[in-house]
Amino acid sequence: MSTRRHIPRRDTPVGSRAVSANSRRLQRERSGRMRRVDAVVTPDAIAFRSRTSAVLLVFALVWTAMLGRAAWLTLGFDERLTNRLESQHERVITVAPQRGSILDRLGRPLAVSVELGSVYADPSMVEDPASAAELLAPLLNVDEELLRTRMSRKGRFVWLARQVPTRISKAVTALGIDGVALMPESHREYPSGSLAAQVLGFVGIDGNGLEGLEARYDSFLMGDSFRYRVLRDGRRRATNYDAVLARRSTEGNTLVLTVDHSIQHRAEMSLDAAIERHAARAGFVLVMDADTGAILASASQPRFDPNAFRGTEPEAFKNLAVSMNFEPGSTMKPFVVAQVLEEGLATADTTVYCEKGAYRIGRNVVHDTHPEEWLSVEDVVKVSSNIGTVKLAEELGPAKLEATLRRFGFGGKTGIDLYGEEAGILHPSAGWARITFATHAFGQGVAVTGMQMTAGFAALVNGGHAVQPHVLAEVRDINGDVVSDHRPVGPFERRISEETSATLRPMLGRVLEKDGTGWRAAMGEYTAGGKTGTAQKVKDGRYAKGAYVSSFIGFAPVDDPKVVTFVVLDEPTNKYYGGTVAGPVFSEVTSHALRALGVAPDKVGDPPALAALEDDEDTADDDDAAQLPELVADGTGWLIPDLTGLSARDAVLVLGPAGAAVQLEGSGLVSEQTPAPGAWIAEGDAVAIALAPRSTGGRR
């Protein structure tokens, strides 16, 4: 039997198997070659791959940043963008604060603030500057070319006109010029014009105090700035002003002064009339409360209007009562007498030998205007004897005289709350020559200010205590509540005893008697006392011929002084004696001040002008006297009649019901009168009467 070998069945033919094996082998070889090729990388390939990767990375970062920024702008906060956005739709305007008012002692306004509009432009919004300037120039009273130039500038803000009247503001608004608008600003006004100008001062265009109380108390008066948010439309035009960002107190505090509006006005009017009457260079009137030192009036001439101060000479800004140094003359004598009485070195009745009008001191001779032999201390004051005063000063000696003057405040500032106060001049007594000591006794060789003299004189007559001059009484807030009280609080130092002061007052009262040097200062309703002063001025180191400072200082009433008034005229030309030039002003101002303060009259009997005529023999005929003109009254004043041709006595009798302060010049019959016939006068007004001998007088 044959043996058969079993061969398993194969699906793939033998030839096919060979082909498949070869294919696989070829594929393996090809793959190996490819791997070998890939393993060999050239530098260019590497650079290409790097650049490609970098570009892809940059694009990825940029897109990431852009997406992040977009997300931040959409969801986040950027202060700069917010501010830029707000600046396009709104504007914050800072408005200057409104200053507080200044009132007199009774609350009458002396300085107030009102709101006015100021015109400004946003040059970027003004489409036609030339046309806008042409429209605005006549309204704003500003040069057209200047307006055009301003509105053509680069920027967002420029002033065109500040603080224009309301009617101008309305006219500018009515024009409707794009880019031109109004901003509210506080404007300072002084309702009484030049009244108390040197005391009040004034403010600049931006509301800052520049002179006077406006400058000294600027921090009290200045309010707090506040801001408005102004919303604007797409054309940048304001649409509202109703959002206030900050407004704590838009108005400053109010100052209440010691000054009395009525007394100040009378002081200024009387001073002006006297300066005109005597052709004086300048002058001042100071009225002080005798007990407290409160300034009731401070009038200086020349004056200015603080509503229109630009272009005013700087000299007019000075308050002469504090800034003018001058030799006082005989008004210094009462201080010497007071100290002599205080130390018991003399009494009012002590007699002094006055050398018959000429007293030799070394190579110099002291003279009296009217030679006298023996005078009592009281009469030394009454007739203003230089020699008698020097003799009394010699009882004190130089050192004690200097100490006396310094104790009363001479040689140093009083501390008044006004700018520009001078200290006067008082040299140490150790350097005085004998004649210098003598001249100091009657007010030469020493310089004082009006404030020093008035404060010192108040201490002489008020019972002997010092006073602190001041013009500010209190500060009130916008609700009227007192923030601070500036009235000086005692006790005050004593200058002399009450007994010495009581002795001195009637001695000074005799100065106003008919044979005293100050009789023209007497008043019809009130008793008064005082002292005249006539001092030659020093120019270029020597006394100038014909140049005088004429003054009168006095007080009233005699028994209980309420006010002290000091009147000074600088270089009067036609007359220069203090009693003649300044005395009548004292009478007018002081009588008015006492009535304004409600002080009851204390005088009985005939008016002083009538009493002074007891020995007048030149009277009108009986027929004329029997037909005296009548003084017509209407309840508010009196119509002054024609007094020409009347005797002085009859003229005084006619004016008696009005309580007129009659000032007589000359002797004989009335030849002239001021005010003129037909003028109205108020109670206590001054009437100046010029008298002439009968041959030149006569009734019309």
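Below is a summary of the structure that appears in this document. Just so you know, these numbers come straight off a predicted model, no measurement behind them. (Residues numbered from 1 in each chain as written. Predicted model: local features only at pLDDT ≥ 70, side-chain atom pairs only at ≥ 80, totals over all residues. Heavy atoms only, no water.)

### Overview of the overall build of the protein
Each helix and strand in the protein was counted, giving 23 helices and 27 strands. Contacts spanning at least 24 positions in sequence make up 72% of the contacts within the protein whose residues lie at least 6 apart. Counting only carbon and sulfur atoms, one obtains 52% of the accessible surface of the protein, whose full area is about 34400 Å². (Helix = DSSP H or I, 4+ residues; strand = E, 2+ residues; numbered from the N terminus. Contact = heavy atoms within 4.5 Å. Areas by Shrake-Rupley, 256 points an atom, 1.4 Å probe, with all protein chains shown as cover.)

### Structural notes on empty space enclosed by the protein
For the structure on display, the rule yields 2 cavities of 30 Å³ or more. Taken as a whole, the second largest cavity holds about 30 Å³ of empty space. What lines the second largest cavity is simply Met523, Gly524, Glu525, Ser591, Arg595, Gly659, Ala661 and Gly684. Residues that form the lining of the second largest cavity fall into these classes: 2 nonpolar, 4 polar and 2 charged. (1 Å grid on protein atoms, 1.4 Å probe; cavity = no way out; pocket = protein on both sides within 12 Å on 5 of 7 lines; lining within 4 Å. Points joined across faces, edges and corners; volume = space filled by probe spheres on them. Nonpolar A, V, L, I, M, F, W, Y, C, P; charged D, E, K, R; others polar.)

### Describing the packing of aromatic side chains
Tallying each qualifying case throughout the model produces 19 aromatic pairs. Ring geometry for Phe552 and Phe586: centres 4.9 Å apart, planes at 55 degrees, overall tilted. In this pair, Phe552 sits in strand β20 (residues 542-556) while Phe586 sits in helix α20 (residues 583-596), placing the two residues 34 residues apart along the sequence. Classification of Phe586 by relative accessible area gives buried; the value is 0%. (Phe/Tyr/Trp six-rings, centres within 6.5 Å; stacked < 30°, edge-to-face > 60°. Buried < 20%, exposed > 50% of the residue type's maximum accessible area, 1.4 Å probe, protein only.)

### Examining a nonpolar patch on the surface
Together, Val55, Val58, Phe59, Val62, Trp63 and Met66 give the surface a local cluster of nonpolar side chains, amounting to about 600 Å² of exposed area. Its location among the elements puts Val62 in helix α2 (residues 43-75). (Patch = residues over 30% accessible without salt bridge, like charges linked within 9 Å, V, L, I, M, F, W, Y side chains within 5 Å. Salt bridge = Lys/Arg side-chain N within 4 Å of Asp/Glu carboxyl O.)

### A word on helix α14 (residues 386-396)
The buried fraction of α14 is high, at 9 of 11 residues. Within α14, burial applies to Asn386, Ile387, Gly388, Thr389, Val390, Lys391, Leu392, Ala393 and Leu396. Looking at where α14 begins, the residue whose side-chain oxygen comes 3.5 Å from the main-chain nitrogen of Ile387 is Ser385. (Polar contact = N/O pair within 3.5 Å; in protein donor to acceptor, adjacent residues only side chain to side chain.)

### A word on the packing of helix α17 (residues 450-461) against helix α18 (residues 498-509)
Close contact between α17 and α18 brings their axes to 7 Å; oriented N to C, the two are set at 110 degrees. The angle between α17 and α18 places the two elements in the roughly perpendicular class. Contacts between α17 and α18 involve Phe457, Leu460 and Val461 on the former and, on the latter, Ser501, Leu504, Arg505 and Leu508. Within the contact of α17 with α18, the residues separate by chemical class into 5 nonpolar, 1 polar and 1 charged. (Axes fitted to C-alpha atoms, helices over the stretch in contact; angles between N-to-C directions. Parallel < 35°, antiparallel > 145°, perpendicular 65-115°, else oblique.)

### Some points on the sheet that holds strand β19 (residues 529-539)
In space, the 5 strands of this open sheet follow the order β12-β11-β21-β20-β19, with antiparallel pairing throughout. Here the strands that pair on one side only, and so sit at the sheet edges, are β12 (295-301) and β19. For this sheet, the mean inter-axis angle between neighbouring strands, taken without regard to orientation, is 10 degrees. Contacts between α20 and the sheet are confined to β11 (282-289), β19, β20 and β21 (563-570), with β21 contributing the most and set at about 150 degrees to the helix. (Pairing = 2+ DSSP bridges.)

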